[in-house]
Each structure stands twice: as C-alpha cells, then as structure tokens.
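Chain by chain, the residues:
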Amino acid sequence: MNELSSLMLQLDVADIGEPSFTLSSNKAREEIFPNIFTTKQNPDSYNGAVLSTDNQQQLVKCFANKFNRFHQFLDPHEAESLILSISDAKDSDLSFRNSALLAVAAFCSDVPLLNDLQEHFFTQAESLVLQSIREKPSDLVVQGLALLAWIELNRGSDSMAYNWIAMATGQVLHLGLHASALKSTRLSPDQNQMIQQRRVRSFWAYFSVDRLVTSSLGMNCTMHWQRVKSPSFTTITSTTPSVDEWAHERF
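Every residue gets a number counted from 1 within its own chain, in the order that chain's sequence is written. In view of the model being predicted, local features appear only for residues whose pLDDT reaches at least 70, and side-chain atom pairs are presented and counted only at 80 or more, with totals across whole chains, interfaces and linings using the full set of residues. Side-chain numbers come from the whole structure's heavy atoms, not from hydrogens or water.

As annotated in an unreviewed UniProt entry, the protein is Xylanolytic transcriptional activator regulatory domain-containing protein from Aureobasidium melanogenum.

1. So, the overall build of the protein
Along its length, the protein carries eleven helices and two strands. Helix and strand definitions here come from DSSP, where helices need a minimum of 4 consecutive H or I residues and strands a minimum of 2 consecutive E residues; each element is numbered from the N-terminal end. Counting from the amino terminus, helix and strand elements in the protein follow one another as α-β-β-α-α-α-α-α-α-α-α-α-α. Burial statistics for the protein: of 251 residues in total, 46% are counted as buried. Whether two residues are in contact is decided by their heavy atoms: any pair within 4.5 Å suffices. In the protein, 68% of the contacts between residues at least 6 apart in sequence involve partners at least 24 apart. Each residue's exposure class comes from its accessible area (1.4 Å probe, protein chains only) as a fraction of the maximum for that residue type: buried when under 20%, exposed when over 50%, partly exposed otherwise.

2. Some points on the pattern of salt bridges
For salt bridges, the criterion is a side-chain nitrogen of Lys or Arg within 4 Å of an Asp or Glu carboxyl oxygen. For the structure shown, the criterion picks out six salt bridges. With a closest N to O distance of 3.6 Å, Arg 201 and Asp 75 form a salt bridge. Within this pair, whereas Arg 201 is found in helix α10 (residues 193-217), its partner Asp 75 is found in the loop between α3 (53-71) and α4 (79-88), the two being separated by 126 residues in sequence. Residues Glu 119 and Arg 155 are paired through a salt bridge, measuring 2.6 Å at the closest nitrogen-oxygen approach. Residue Glu 119 is located in helix α7 (residues 118-135), and its partner Arg 155 is located in helix α8 (residues 139-155); the two are separated by 36 residues in the primary sequence.

3. Section: unusual backbone geometry
For Gln 72, which is not a glycine, the phi torsion comes out positive at approximately 55°. Tracing the sequence through the fold places Gln 72 in the loop between α3 and α4. The class of Gln 72 is buried, set by a relative accessible area of 4%.

4. Here we look at the nonpolar core
In globular proteins that are soluble, nonpolar side chains generally tend to be buried together. Judged by nonpolar contacts, the single largest core of 57 residues is most densely connected at Phe 63, Ile 165 and Tyr 206. For this core, the secondary structure elements donating two or more residues are α3, α5 (92-108), α7, α8, α9 (158-175) and α10. It is α8 that provides the largest number of residues to this core, a total of ten residues. For Tyr 206, the contacting residues outside a window of four places in its chain are Val 142, Ala 146, Ile 165, Ala 168, Thr 169, Val 172, Thr 222 and Met 223. To form a nonpolar core, buried Ala, Val, Leu, Ile, Met, Phe, Trp, Tyr and Cys residues must be joined to one another through side-chain atoms within 4.5 Å.

5. A closer look at the layout of surface pockets
With a probe scaled to a water molecule rolled over the atoms, the places where space remains empty come into view. Cavities and pockets are found on a 1 Å grid laid over the protein atoms alone: a cavity is a set of points where a 1.4 Å probe fits but cannot escape, a pocket is an open set with protein on both sides within 12 Å along at least five of seven lines, and a lining residue has an atom within 4 Å of such a point. Grid points are joined across faces, edges and corners, and a volume is the space filled by probe spheres set on the points. In this structure, the largest pocket encloses a volume near 540 Å³. Contributing to the lining of the largest pocket are 19 residues, with Asp 75, Glu 78, Ser 81, Met 194 and Arg 198 lying nearest its centre. When contributions to the lining of the largest pocket are tallied by element, the ones reaching two or more residues are α4, α5 and α10. Take the lining of the largest pocket: its biggest share by element is five residues, from α10. Of the residues contributing to the lining of the largest pocket, the split by class is six nonpolar, five polar and eight charged. Note that Gly is not counted as nonpolar here; it falls among the polar residues with everything else outside the nonpolar set of Ala, Val, Leu, Ile, Met, Phe, Trp, Tyr, Cys and Pro and the charged set of Asp, Glu, Lys and Arg.

6. Some remarks on the side chain of Arg 97
Assignment of secondary structure puts Arg 97 in helix α5. Judged by its relative accessible area of 4%, Arg 97 falls in the buried class. Dropping the residues within four chain positions of it, Arg 97 is found in contact with Leu 74, Leu 82, Leu 140, Gln 143, Gly 144 and Leu 147.

7. Some remarks on α9
Expected helix span is given by 1.5 Å per residue-to-residue step, counting one fewer step than there are residues. Compared with the 26 Å implied by 1.5 Å per residue over 18 residues, the 26 Å span of α9 between its first and last C-alpha is a close match. If you check which residues of α9 are buried, you get Ser 159, Met 160, Ala 161, Tyr 162, Asn 163, Trp 164, Ile 165, Ala 168, Thr 169, Gln 171, Val 172 and Leu 175. Where α9 terminates, the next one or two residues include Gly 176, which has phi positive at roughly 75°.

Take a look at the structure:
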C-alpha cells in the first residue's frame, strides 16, 4: 500500500498560478511532520493488551464528542453495544471497523495514555483490511476504510488518505450503498431493519469523509453526487433530528 501511495500525484499551484502535479514524497512529509511519523511506543508492546472497561468508555465517549457529532458513524444508542463488541467481535468486518474507530478515538483523545494507543489500533486495523474485504464485505468495512482515510489526512499522508477513501468507494459501489433507495438494491423485508438503517448511515458517513478528503486535497470526489440514490440521512433518525444531525444532512 505504501508503494502504491508513492505513485499518487499531488496537486500544487505554482507562483504563476498554474496547477502542477508532482509525485508525492513520503520523505518530504516526514521532514514537514516529524512528530506525526514518530511512534511514541512500539505498537507490538500493546499486542494482546486488554483495555479496561473504563478506558473503552473514555475512548467511545471521545469518539462521540469529538468526531461522531460531525460525521455520524454511530447511532447515539450504539455506544453501549459498541463497548461490549470491542473485545467480543467475531466477524472480521466488525473487528476491522472497531479497530479503525478506536484509532480515531485515540487520535482525538487528550489523555496521554489513550492517545499513545492510536498507532496500535491503526496498525491493527491495517492488518485486517484485506481479510475483511475478502471474507465479509459490508457497510462496516466501508466505515473502517473511511475512518482510516480521515486519520491519514490528519497525519498529512495525503496519498494514503486518497487511497483509503477510493477503496471505500469501491466497496460502496460493490454493496450498492449509494443506490439503496432503488428497488433493485433494497434488502429483503425479512432482513433486520437495523441493518438497513445502518447501511444508510454508513453511506452518508462515508460520503462526508469523501468530501472532506477530496476537497482538502484539491481532487475530484470519488463518488459524484449524481450517482447517489440513497434515502436522506434524517429518514433513519429515531427522534427529531438534532442540530448536529441536521448539519450532517446538509453536508
């Protein structure tokens, strides 16, 4: 993946105002962002570590307050079940999404102990990407890929951010999340209503990150809005939409 990212073109604007494209240089980025690319602790030192329930609650709360309110990856009522699924996740797609989510939460955390775990969770998520895509492609995989894209964007690794969000777009197209309002792509009536609502939520969460990544990089969006045939986000809210949910609807 790193070799692929090195081939990505990077947009720049010259002094005369003309756009130019150059190959991304990881070395240059390490010089610009030295602290970002320096791992505080060896990720292997956390292998097999079990987070306490209190730490899990802190991470989930941090994710909800500092990230989820803007991108709506989780339903507000999912927090408790998420804490239970962190250590008991059996499916590869759920394990991958949870690892990526915890990496974002640790990245956003102001608690040094939790912030130091971001590299561990990120590495863990990376190791599960291909397995989850191969074994159980689902909207949870789309969530995980979008979360990794957000992290890379904030780390200053533009090429990797674009690669992750492009992979997420591929999964969206494969699963038909962008066209879930069409009769041909709807789930059967006997399938769990919660899953159908989660698919809609996952699409709009991905869509918001796609817009953030591509606009930040000055590149074309990977999912054109004219291809979107998904129900609006507010159709899946159980109560009157909050201010944050209305803002997400208008993203």
